[in-house]
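Chains, contacts and geometry: an overview
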Amino acid sequence: MAEAAKKLEGAALTRLLTLVKTHTGITMEERKRDMLTARIKPRLRLLGLESLEDYIDQLEQGKVEIQDFVNLVTTNETHFFRTQTVWDYFQNEYLPEWYKKNPDTILRIWSAASSTGEEAHSLGMVCEEFRFKHPSFKYKIMGSDIDTNVLAKARSGVFKDRTLDELKKRNPVFVEKYFREQADGTFRISPVISANLEFFQHNLHKAAPKGLLFDIVFLRNVLIYFNDQDQELVLSNMHRSLKPEGMLILGESESLARHKTQFIFKKPLIYMKG
Ligand SMILES: C[S@@+](CC[C@H](N)C(=O)[O-])C[C@H]1O[C@@H](n2cnc3c(N)ncnc32)[C@H](O)[C@@H]1O
């Protein structure tokens, strides 16, 4: 494999990065070469291929599963309640204000680029807490991602290891209230929450399915993987998917400051459809 890894430079590297861009929209820098090589390496063995170039040839000729490749190249890091300020806003400002204006409507939330579902499930827990105080409150959460492996995990509603341990430390009451420990030591989300959650595959570079309009979209820690032009394309897709005055929430290191968009800045990471 040292041989094969060595070859991932020059033309082969350019071809691979082009394949990444074509199939995911991700603009990957050349310095990510070692990470890419490490992720593809086990695939070569499984497919009985000799070198990275063989794999690239097969990808270009559509002879290996493109979805497998997409799943390999995405970075899926996520946590429950990532970035506390966003959750403080959603719980203490957004929900009470939205409900006051829309007491008889279903709140529609989109966790776009949901990865393994921690964000969507965090939204579910906060919405359930709100519903406890306001029994007529109704919500629906949609989660989407381009990666089918993470979507399968998100749909299972089963969590374990680091992400669940973190939640136990930060919010043991939520774990107690909204999860059931299973015989194998994993934790399954309560059916009360999963009944309001749905996951679907979606590439953010494409228009969202027609007829899906949201009150609030969480588009977090994904714009960073796209170049400026593609970020604006994704943002205009999000704009179309929001209801009038809908809100857009970004990740901790993201901002629309240098982009031409129709969003209005409300506070750091929080924008309104203009
Ligand atoms: C770092 S995770 C962020 C997860 C979550 N939003 C958060 O903030 O914790 C980025 C996710 O974006 C997804 N992604 C990358 N490119 C995408 C695209 N073009 N369309 C949809 N999802 C994409 C990846 O598969 C990955 O699960």
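Reading the values: the criteria
Residues numbered from 1 in each chain as written. Predicted model: local features only at pLDDT ≥ 70, side-chain atom pairs only at ≥ 80, totals over all residues. Heavy atoms only, no water. UniProt positions renumbered as here; feature names shortened; annotations may be inferred. Helix = DSSP H or I, 4+ residues; strand = E, 2+ residues; numbered from the N terminus. Rg over C-alpha atoms; globule rule 2.2 N^0.38 Å. Buried < 20%, exposed > 50% of the residue type's maximum accessible area, 1.4 Å probe, protein only. Contact = heavy atoms within 4.5 Å. Lys, Arg positive; Asp, Glu negative; His and termini not counted. Charge placed at Lys NZ, Arg CZ, Asp CG, Glu CD. Salt bridge = Lys/Arg side-chain N within 4 Å of Asp/Glu carboxyl O. Near = heavy atom within 4 Å. Polar contact = N/O pair within 3.5 Å; in protein donor to acceptor, adjacent residues only side chain to side chain. Areas by Shrake-Rupley, 256 points an atom, 1.4 Å probe, with all protein chains shown as cover. Nonpolar A, V, L, I, M, F, W, Y, C, P; charged D, E, K, R; others polar. Pairing = 2+ DSSP bridges. Right-handed = clockwise from strand over helix to strand, strands pointing away. Axes fitted to C-alpha atoms, helices over the stretch in contact; angles between N-to-C directions. Parallel < 35°, antiparallel > 145°, perpendicular 65-115°, else oblique. Left-handed = near helix turned anticlockwise from the far one by under 90°.

As recorded in an unreviewed UniProt entry, the protein chain goes by protein-glutamate O-methyltransferase and comes from Bdellovibrio bacteriovorus. If you open the UniProt record of the protein chain and go to Catalytic activity (unreviewed entry), you find "L-glutamyl-[protein] + S-adenosyl-L-methionine = [protein]-L-glutamate 5-O-methyl ester + S-adenosyl-L-homocysteine".

Glancing now at the overall build of the protein chain. The helix and strand tally for the protein chain stands at 12 helices and 10 strands. In summary, the protein chain has a C-alpha radius of gyration of 20 Å against a globular reference of 19 Å for 274 residues, a match within 12%. Counting only C-alpha atoms, the protein chain reaches 60 × 50 × 30 Å along its principal axes. Here the protein chain holds 274 residues, and 49% of them are scored as buried. Nonlocal contacts in the protein chain, meaning residues at least 24 apart in sequence, comprise 73% of its contacts between residues at least 6 apart. Measuring between centres, the 40 positive side-chain charges of the protein chain sit 4 Å from its 37 negative side-chain charges.

For the rest of this paragraph, the subject is the pattern of salt bridges. When their charged atoms lie close together, side chains carrying opposite charge are able to pair. One pass over the structure, following the stated rule, counts 15 salt bridges. Here aspartate 34 makes a salt bridge to arginine 33, at a shortest N to O gap of 3.9 Å. Given the relative accessible area of 30%, arginine 33 is considered partly exposed. Of the charged contacts, one joins glutamate 93 and lysine 267 as a salt bridge, the two residues approaching to 2.9 Å between their closest N and O atoms. Note that glutamate 93 is positioned in helix α6 (residues 84-101) and lysine 267 in strand β9 (residues 263-267), a separation of 174 residues in sequence.

This part is about the site of the ligand. In the region of the ligand, 23 residues are neighbours, and Thr24, Thr78, Ala113, Asp145 and Asn221 sit closest. At 3.0 Å, a backbone N or O of leucine 204 approaches a nitrogen atom of the ligand. Burial of the ligand by the protein amounts to 99% of the accessible area it has alone, namely 600 Å². Residues belonging to the shell around the ligand are distributed by class as follows: seven nonpolar, 10 polar and six charged.

Judged by how many residues are buried, strand β7 (residues 214-219) sits mostly within the fold: six of six residues are covered. As judged from the five bridges shared by β7 and strand β8 (residues 242-250), these two strands associate in the parallel manner. Paired with leucine 219 across the two strands is leucine 250, which belongs to β8. With helix α12 (residues 228-241) bridging β7 and its parallel neighbour β8, the resulting β-α-β unit is right-handed.

On to the sheet that holds strand β5 (residues 187-189). By way of backbone hydrogen bonds, the strands of a sheet pair with one another, either parallel or antiparallel. Strands sit in the order β3-β5-β4 across an open sheet of three strands; the sheet is antiparallel. Each of the sheet's edge strands pairs with one partner strand only, and the pair in question is β3 (158-159) and β4 (179-181). Taken together, the three bridges between β4 and β5 define a ladder with antiparallel strand orientation. Pairing of glutamate 181 across the sheet is with phenylalanine 187, part of β5.

Looking at the secondary structure, you find aspartate 145 in strand β2 (residues 138-145). Of note is the side chain of aspartate 145, whose polar atom sits 2.9 Å from the backbone nitrogen of serine 115. Leave out the neighbours within four places in its chain, and aspartate 145 touches Ala113, Ser114, Ser115, Val150, Leu151, Phe200, Gln201 and His202.

Below, the discussion takes up the environment of glycine 10. Its location among the elements puts glycine 10 in helix α2 (residues 10-24). Sequence separation of glycine 10 and glutamate 30 is 20 residues, and the distance between their C-alpha atoms is 9.8 Å.

This part is about the packing of α6 against helix α7 (residues 118-133). At a minimum axis separation of 11 Å, α6 and α7 run at an interaxial angle of 50°. With respect to their mutual orientation, α6 and α7 come out oblique. Between α6 and α7 lies a crossing whose hand is right-handed. Contacts from Trp87, Phe90, Gln91, Leu95, Pro96 and Tyr99 in α6 reach Glu119, Ser122, Leu123, Val126, Cys127 and Phe130 in α7. Split by residue class, the contact of α6 with α7 holds nine nonpolar, two polar and one charged.

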